[in-house]
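Observations on the model geometry
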Amino acid sequence: MKNIHSYIKQHENRFLNELFELLKIPSISADSEYNPQILQTAQAVADALEKIGCENIQQLTTQGNPVVYADKIIDSNLPTVLVYGHYDVQPSDPLELWDTPPFEPIVKQTEIHPEGAIFARGACDDKGQMFMHIKALEFLIATEQLPCNVKFMIEGEEEIGSPSLAPFIKEHAELFKNDVILISDTGMISNTQPSITTGLRGLSYVEVEVTGPNKDLHSGFFGGAVANPINILSQMIAKLQDENNHITIPGFYDDVYELSAEERSEMAKAPFDQTEYNKALNIAKEEGEKGYTTLERSSVRPTLDVNGIWGGYIGEGAKTVLPSKAFAKISMRLVAGQDPDKITQLFTDYFLSLAPKSVKVKVKPHHGGKAYRTPLDSIGYQAAHKAYSETFDKAPVPQPSGGSIPIVSLFSDVFKSHAILMGFGLNSDAIHSPNEHFGVFNFYKGIETIPYFYKHFTELYTKNA
Ligand code: BES
Ligand code: MN
Ligand code: MN
């Protein structure tokens, strides 16, 4: 790519300042109070796409938050890359744990990011990574080196499970038609060992409610004689996993894709240090499904985790109460083969079967999505591999991720194209946590690598056509 280094160097401060403006807007999709900021962010993304020379800018309405569309179509004989990203962010609480305010972006040095990192909610997930694509396209248009057609789909509900997107893409399948889907919303191993995310886990998410007596009771008068829903809920949850950390829901593993011995030994080659891992989390020992490594447990094996549990008295001091209700939110990360609706049903049947007669139990399903795997022999993967090799001067390794972007597998089904997950974040970037950040190195490296993807994808596509 001609002049890529000089272009980035010349505009680096402006790139950063423009990203800061996006990061200042609290586009929290989980809280409807931030709806005006959601709309403001969609507008800002649309403006940024217009400014670099995109065409057909639209803020498309959905049942929920708008989807920003823009394109640059140069020749209908050339392939089309669809860039997907999200402009919404996670809530920033607990606020008191942030060293600097979440919506006042600032660059600070860290041990892992000696060049500095941008601290703000959404810096890495996903405004910073989504914005790399806008700046990469700016470069390609400005220097007249764009080799293919590009379309953007930037949505505002990813962090709440993309509830509006499934009907939306079916309705607009023609508009978003593409030959490959390019996404920067994941991570890589380290700044010296690039990796390409080759898998995402699926998700089944449920909320359960256990009801005992019709009101909170005096735990002295009634305790011991009436079922305590919190005690019962705890017992039921405990039964969902056995002593080997296998999930006990009948049929849960039926459709799980089991890795071949070769795939497992390939995965084991990724650099990983259990001692470092434990140290970073301040845990004395790791814990997980028997028979699998930490890397496998956290990417290619399904899981069941309680995300939140509540009920009874949680205020200051002691209140002797036997609560009427107890609740929990439970997520199951799924792997290739598993169907989220089927898993939700299996969970529901089993969970209800665990309930003693003394309580009533309700299971409410939330969002879900299937797992995704990028085929390593696809031209999209090969193009990404070449791109990283050039800009990092080192071959990237494939790495399945434990995270989820639930809409990706549906994209791939609807558009009949593969999704390529070129993530530039690091595991230590604290996405969803206080002090989320994104390395300045990573931001610029992403802007540098993306144009090479376009170049190689177009070359491979044209050669194969
Ligand atoms: N960008 C993340 C997913 C991710 C991050 C995948 C890092 C792989 C590596 C995405 O925004 C996210 O947070 N997804 C949620 C699911 C969603 C339904 C809220 C997740 O994985 O918990
Ligand atoms: Mn994300
Ligand atoms: Mn996220």
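Residues numbered from 1 in each chain as written. Chains lettered and ligands numbered in written order. Predicted model: local features only at pLDDT ≥ 70, side-chain atom pairs only at ≥ 80, totals over all residues. Heavy atoms only, no water.

As for the sheet that holds strand β12 (residues 303–311)
- On the basis of which strands lie adjacent, the open sheet formed by four strands has the order β12-β14-β10-β15 and antiparallel pairing. Edge positions in the sheet fall to β12 and β15 (360–369), since each has one partner strand and no second. The sheet shows a mean angle of 15° between the axes of neighbouring strands, taken without regard to direction.
- When strand β10 (residues 202–211) meets β15, the two strands line up antiparallel, connected through eight bridges. Residue valine 208 lies in a different strand from β15, and its bridge partner there is valine 363.
- Of the strands in this sheet, β10, β12, β14 (325–334) and β15 touch helix α5 (residues 229–238), which is tilted by about 20° from β14. (Pairing = 2+ DSSP bridges. Helix = DSSP H or I, 4+ residues; strand = E, 2+ residues; numbered from the N terminus. Axes fitted to C-alpha atoms, helices over the stretch in contact; angles between N-to-C directions. Contact = heavy atoms within 4.5 Å.)

Regarding the coordination of the manganese ion (ligand 2)
- In the first shell of the manganese ion (ligand 2), the protein supplies His86 (NE2), Asp125 (OD), Asp185 (OD) and Asp185 (OD), at 2.0 to 2.4 Å from the metal.
- One can describe the donor arrangement at the manganese ion (ligand 2) as irregular, given that its six donor atoms subtend angles of 56 to 167° at the metal.
- Summarised as a motif, the one-chain spacing of the donors to the manganese ion (ligand 2) is H-x38-D-x59-D.
- The distance between the manganese ion (ligand 2) and the manganese ion (ligand 3) comes to 3.6 Å, with aspartate 125 serving as a donor to both metals. Pair noted here: aspartate 125 is in the loop between β5 (117–119) and α3 (127–142) and aspartate 185 is in the loop between β7 (180–183) and β8 (187–188), with a separation of 60 residues, a long-range link. An identical accessibility class is assigned to aspartate 125 and aspartate 185; each is buried. (Donors = N, O, S within 2.8 Å, 3.2 Å for Na, K, Ca; no water. Tetrahedral: all angles 85-135°; square planar, octahedral: opposite > 155°, others 65-115°. Buried < 20%, exposed > 50% of the residue type's maximum accessible area, 1.4 Å probe, protein only.)

Topic: the state of the cysteines
- Tallying each qualifying case throughout the model produces zero disulfides.
- Unpaired in terms of disulfides, cysteine 54 finds its nearest cysteine sulfur in cysteine 148, a separation of 12 Å.
- Given the relative accessible area of 0%, cysteine 148 is considered buried. (Disulfide = S-S within 2.5 Å.)

Focus: empty space enclosed by the protein
- Scanning all chains against the criterion turns up three cavities of 30 Å³ or more.
- What lines the largest cavity is Tyr257, Glu258, Leu259, Arg264, Tyr292, Glu296, Val300 and Arg301.
- Classifying every residue of the lining of the largest cavity gives four nonpolar, no polar and four charged. (1 Å grid on protein atoms, 1.4 Å probe; cavity = no way out; pocket = protein on both sides within 12 Å on 5 of 7 lines; lining within 4 Å. Points joined across faces, edges and corners; volume = space filled by probe spheres on them. Nonpolar A, V, L, I, M, F, W, Y, C, P; charged D, E, K, R; others polar.)

What to know about the coordination of the manganese ion (ligand 3)
- The manganese ion (ligand 3) binds to the protein through Asp125 (OD), Glu159 (OE), Glu159 (OE) and His432 (NE2); the donor distances cover 2.1 to 2.5 Å.
- The coordination sphere of the manganese ion (ligand 3) comprises six donor atoms, whose angles at the metal cover 57 to 154°; the geometry is irregular.
- Spacing between the donor residues of the manganese ion (ligand 3) along the chain follows D-x33-E-x272-H.
- According to the relative accessible area criterion, histidine 432 is partly exposed, its value standing at 38%.

Re the domain arrangement of the protein
- Its domain assignment divides the protein into domain 1 (4–200 + 371–464) and domain 2 (202–266 + 299–368).
- For domain 1 and domain 2, the distance between their C-alpha centres works out to 34 Å.
- With 11 residues of domain 1 in contact, the opposing surface of domain 2 contributes 13 residues.
- Taking both sides of the interface into account, the surface hidden between domain 1 and domain 2 amounts to around 840 Å²; carbon and sulfur atoms contribute 56%.
- If you sort the residues of domain 1 by the area they bury against domain 2, Ala371, Arg373 and Ser404 come out on top, with a joint share of 52%.
- At the surface where domain 1 touches domain 2, the tally comes to one salt bridge.
- In this structure, glutamate 263 and arginine 373 form a salt bridge, with 3.3 Å as the shortest nitrogen-oxygen distance.
- The interface formed by domain 1 and domain 2 contains two residue pairs in polar contact (both at pLDDT 80 or more).
- For the side of domain 1 that touches domain 2, a count of residues per class yields five nonpolar, five polar and one charged. (Domains from an automatic or database assignment. Buried area = accessible area lost by both parts, 1.4 Å probe. Salt bridge = Lys/Arg side-chain N within 4 Å of Asp/Glu carboxyl O. Polar contact = N/O pair within 3.5 Å; in protein donor to acceptor, adjacent residues only side chain to side chain.)

Brief notes about the layout of surface pockets
- In this structure, the second largest pocket occupies an estimated 540 Å³ of space.
- As for the second largest pocket, its lining consists of 28 residues, of which Thr198, Glu263, Met267, Arg373 and Pro400 are closest to the centre.
- When contributions to the lining of the second largest pocket are tallied by element, the ones reaching two or more residues are β9 (195–200), α6 (261–267), β16 (372–373) and β17 (397–400).
- Tallied by class, residues from the lining of the second largest pocket come to 16 nonpolar, six polar and six charged.
- Mapping the lining of the second largest pocket onto the domain boundaries places at least three of its residues in each of domain 1 (4–200 + 371–464) and domain 2 (202–266 + 299–368).

Comments concerning the pattern of salt bridges
- Going through the model one piece at a time under the given rule, you end up with 21 salt bridges.
- The salt bridge involving glutamate 138 is made with arginine 14; its shortest N-O contact spans 2.6 Å. Taken together, the positions of glutamate 138 in helix α3 and arginine 14 in helix α1 (residues 4–23) put the pair 124 residues apart, joining distant regions of the chain.
- Residue arginine 14 is classed as partly exposed on the basis of its relative accessible area of 30%.
- The closest approach of N and O atoms between lysine 269 and glutamate 266, which form a salt bridge, is 3.0 Å.
- The class of glutamate 266 is partly exposed, set by a relative accessible area of 45%.
- Within the structure, one salt-bridge network assembled from shared partners comprises Arg14, Glu18, Lys51, Lys135 and Glu138.

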